[in-house]
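Observations on the model geometry
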Amino acid sequence: GIALLRWTSMTLASQGRLLFPIVAALSLLLALGLRQLGKALPVFHSASALKRGLAGVLCSALATLTLASPYAYIRPAYNEPQRLSSEADLPPDLARTEVFFEDKIRWIGYRVQTPGQRVRPGDIIDITMYFQGLRTLDLDYSLFIKLFARGVEIVGIDTYPGGGMYQATRWKPGEILVDHYRLRIPDTLTNTALLPATLKLDLGVYDFARGTREGQLRVLNGDGALVSRPQYEAASLNIAEPARAQPALYVLDQARVLSARPLLGAPDAVTLPFEIVWQATADFNADYTVFVQLFDAAGKPVGQGDSRAMRGEFSSQWWRAGDVITDSHSIALSAPLAPGNYAIKYGLYRNTGAQERMAVKDASGQPVPDAAMTVALEVP
């Protein structure tokens, strides 16, 4: 019994049917145990009315639970998933995908209901998918749903749509299926080593009888062209750290720069690695680009490298207050660097029609011109 309780606490979908073979024995032994308990307690020897009353209460409670269970617990577990009659009923915060699995199924989008779209190893992420049957289907197709972090699969499930409660052959053309899934992120050393990372969602449709390789439906875009199966940024995997006591080089509206340094390599290198350590002081919820520019002593630009933070593996839209991000970039050089003094200017901007840079102040609290922070570089 203890082993079953432990397994149940660790399993996302506990199997109550495992109790069926022993429920008769449990009921008999429970009744015998309660009878023996009544005999063993002196208070019950002279209180037959109390004994009968407690027995009546216990029987009534068990009867109530028995009668209520089919409606309160069993029936909801077998409910068919929700369906929508039109796209006007789709939620406004839906992340659109617009993926077509041949001419059969349209994947409209998904929603992540996990607070802050942030999980850590051991947590559960709640995802709702929105599918539309394009025509009457002749097979009960299966789905695989996977989450990747830095190219590594960290969790995945194979299932029927609606948990098997609404098979694909029952879909009505045009109706939208609202399909909910809960995925537990395994608490392993591998997943912990991937922090921080963006969780990328991968989904495919296949014929179970032929398997995920041979039976996969081809993926098409909105124009009907064959494309590779896309992945979508769904959430982030990280654990926020306490604020570091070290002073900041610069303070931005939503972050601090703890360090920034170039990494000189071979003299004939055509790229210059540059590392920035950020600490978010507020939730970002927007995707900023990191610009890194190199100037010679005369102020002439000799290199540049604009890219998303961590090359998109943990972009700024997933930064939350307390996150510490070691962010590596490469400055593409127009020519190998000659000996001399250089200046590296860097910062954050959003592409909102114009390059809207995040405001910056230096360590003394003074605004930094052009919101461009500076690091000196001397090439011997």
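As a reminder, the structure under discussion sits directly above these lines.
Residues numbered from 1 in each chain as written. Predicted model: local features only at pLDDT ≥ 70, side-chain atom pairs only at ≥ 80, totals over all residues. Heavy atoms only, no water.

1. Some remarks on the nonpolar core
Within the largest apolar cluster, 39 residues are counted, with the highest numbers of intra-cluster contacts made by Trp-107, Ile-125, Met-129, Leu-147 and Leu-199. Among the elements of the structure, strand E2 (95-101), strand E3 (105-112), strand E5 (124-133), strand E6 (142-149), strand E7 (152-159), strand E8 (176-184), strand E9 (197-206) and strand E11 (232-237) are those that each provide at least two residues to this core. Ranked by residues supplied to this core, first place goes to E9 with five residues. Counting residues in each nonpolar core, the second largest holds 38 residues, with Phe-314, Leu-337, Tyr-346 and Met-358 among its members. (Core = buried A, V, L, I, M, F, W, Y, C linked by side-chain atoms within 4.5 Å. Buried < 20%, exposed > 50% of the residue type's maximum accessible area, 1.4 Å probe, protein only. Helix = DSSP H or I, 4+ residues; strand = E, 2+ residues; numbered from the N terminus.)

2. Details of the sheet that holds strand E1 (residues 82-84)
Strand order in the open sheet made by the six strands is E1-E8-E5-E3-E2-E10, with antiparallel pairing throughout. Taken across any chain shown, the strands that pair with only one partner, and hence form the sheet edges, are E1 and strand E10 (219-220). As judged from the two bridges shared by E2 and E10, these two strands associate in the antiparallel manner. Within E10, the position partnered with Phe-100 by the bridge is Leu-220. (Pairing = 2+ DSSP bridges.)

3. Quick look at the sheet that holds E11
The strands making up a sheet associate through backbone hydrogen bonding, with each pair oriented either parallel or antiparallel. If you walk across this open sheet you meet the five strands as E4-E11-E9-E6-E7, and the pairing is mixed. The two strands at the open ends of the sheet, each matched to only one other strand, are strand E4 (118-119) and E7. Bridge count for E9 against E11 is five bridges, and the pairing is antiparallel. Its bridge partner being in E11, Leu-199 is matched across the sheet by Ala-235.

4. Comments concerning the pattern of salt bridges
A complete count under the given rule lists 17 salt bridges for this structure. Asp-103 is the partner of Arg-135 in a salt bridge, and the nearest nitrogen-oxygen pair spans 3.4 Å. A residue pair is termed long-range when its members are at least 10 positions apart, and Arg-135 in the loop between E5 and E6 and Asp-103 in the loop between E2 and E3 qualify at 32 residues. Relative accessible area serves as the criterion here: at 32%, Arg-135 is assigned to the partly exposed category. The class for Asp-103 is partly exposed, based on a relative accessible area of 43%. In this structure, Arg-308 engages Asp-287 in a salt bridge whose closest nitrogen and oxygen atoms are separated by 3.0 Å. With Arg-308 in strand E17 (residues 307-308) and Asp-287 in the loop between strand E14 (271-280) and strand E15 (289-295), the pair connects residues that are 21 residues apart, well separated along the chain. Overall, Arg-308 belongs to the partly exposed group, its relative accessible area being 28%. (Salt bridge = Lys/Arg side-chain N within 4 Å of Asp/Glu carboxyl O.)

5. A closer look at the environment of Thr-169
As for its position among the elements, Thr-169 is in the loop between E7 and E8. In contact with Thr-169, other than residues within four places in its own chain, are Leu-137, Asp-138, Leu-139 and Asp-140. Only 2.5 Å separates the side chain of Thr-169 from the side chain of Asp-140, close enough to count as a polar contact. (Contact = heavy atoms within 4.5 Å. Polar contact = N/O pair within 3.5 Å; in protein donor to acceptor, adjacent residues only side chain to side chain.)

6. A short note on the side chain of Asp-126
On the secondary structure map, Asp-126 appears in strand E5. For Asp-126, a relative accessible area of 16% translates into the label buried. A polar contact is formed between the side chain of Asp-126 and the side chain of His-180, at a distance of 3.2 Å. Within the local environment of Asp-126, its side chain forms a polar contact with the side chain of Arg-182, the two groups lying 3.0 Å apart. Those residues within four positions of Asp-126 in sequence are excluded, and the remaining contacts are Arg-111, Val-112, Gln-113, Thr-114, His-180, Tyr-181 and Arg-182.

7. Details of the pairing of E14
Here E14 lies mainly inside the structure; eight of its ten residues are buried. In this sheet, E14 lies alongside strand E13 (residues 255-262) in antiparallel orientation, the contact comprising seven bridges. Bridging across to E14, Arg-256 finds its partner in Gln-279. As paired strands, E14 and strand E18 (residues 324-333) are joined by nine bridges and run antiparallel to one another. Bridging from a neighbouring strand, Gln-279 pairs with Val-324 of E18.

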